[in-house]
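Structural overview for review
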Amino acid sequence: MLVARVEEIIEELERVYNAIKNRGFAHDAEIAYGLGLVITIASAVELGKDVSEDAADKALYIASLAIERAPPRNIPIILHLLRPLRDKAPARYIQLWAQAIKVLPGQNKGLS
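Each value, and the rule that gives it
Residues numbered from 1 in each chain as written. Predicted model: local features only at pLDDT ≥ 70, side-chain atom pairs only at ≥ 80, totals over all residues. Heavy atoms only, no water. Helix = DSSP H or I, 4+ residues; strand = E, 2+ residues; numbered from the N terminus. Buried < 20%, exposed > 50% of the residue type's maximum accessible area, 1.4 Å probe, protein only. Contact = heavy atoms within 4.5 Å. Expected span 1.5 Å × (residues − 1). Arc of directions from axis to C-beta. Salt bridge = Lys/Arg side-chain N within 4 Å of Asp/Glu carboxyl O.

**Notes on the side chain of Ser64**
Turning to its location among the elements, Ser64 is positioned in helix α3 (residues 53-69). Given the relative accessible area of 13%, Ser64 is considered buried. With residues up to four places along the chain from it excluded, the contact list for Ser64 reads Leu96 and Gln99.

Rendered as structure tokens:
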């Protein structure tokens with residue numbers, strides 16, 4: 001049902017994104033809520049819904065904030081769920097993975 005309302009979900013995601021950008025920081029609740037929106041959008045893409053590159057980019061930006069604060073055990077799950085957005089915003093998707101590598105213990109050895 002939520003996937004059928006993907007345009008409304010994208011509009012809500014843009015409100016969250018704009019609030020974070022205008023304020024200069026994100027509250028934990030915004031990040032958790034935003035991640036839920038992002039996962040729903042990624043699910044819609046996986047089911048064949050069209051999502052703009054701009055919407056995917058904003059979604060993955062919010063996801064990168066979630067990656068920064070997520071418990072390391074949850075990061076692979078988040079990355080898996082967001083995979084459908086990789087072709088919509090490939091540069092941001094790579095940045096998301098770079099953020100994950102920084103956060104995951106033992107994954108960034110030799111990258112300094």
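There's more to say after this.
**Observations regarding helix α5 (residues 90-103)**
The first and last C-alpha atoms of α5 sit 20 Å apart over 14 residues, in line with the 20 Å expected at 1.5 Å per residue. What α5 keeps buried is the set Arg92, Tyr93, Leu96, Gln99 and Ala100. Along the axis of α5, the buried residues cluster in a sector spanning 115 degrees; they form a single face. Across from the buried face of α5, at angles greater than 90 degrees, the exposed residues are Ala91, Ile94 and Lys102. Against α3 and α4 (75-82) lie the buried residues of α5.

**Observations concerning the pattern of salt bridges**
One side chain can pair with another of opposite charge once the charged atoms of both are near each other. The final tally for this structure, using the stated rule, is 8 salt bridges. In this structure, Asp28 engages Arg69 in a salt bridge whose closest nitrogen and oxygen atoms are separated by 2.5 Å. In this pair, Asp28 sits in helix α2 (residues 28-46) while Arg69 sits in helix α3, placing the two residues 41 residues apart along the sequence.

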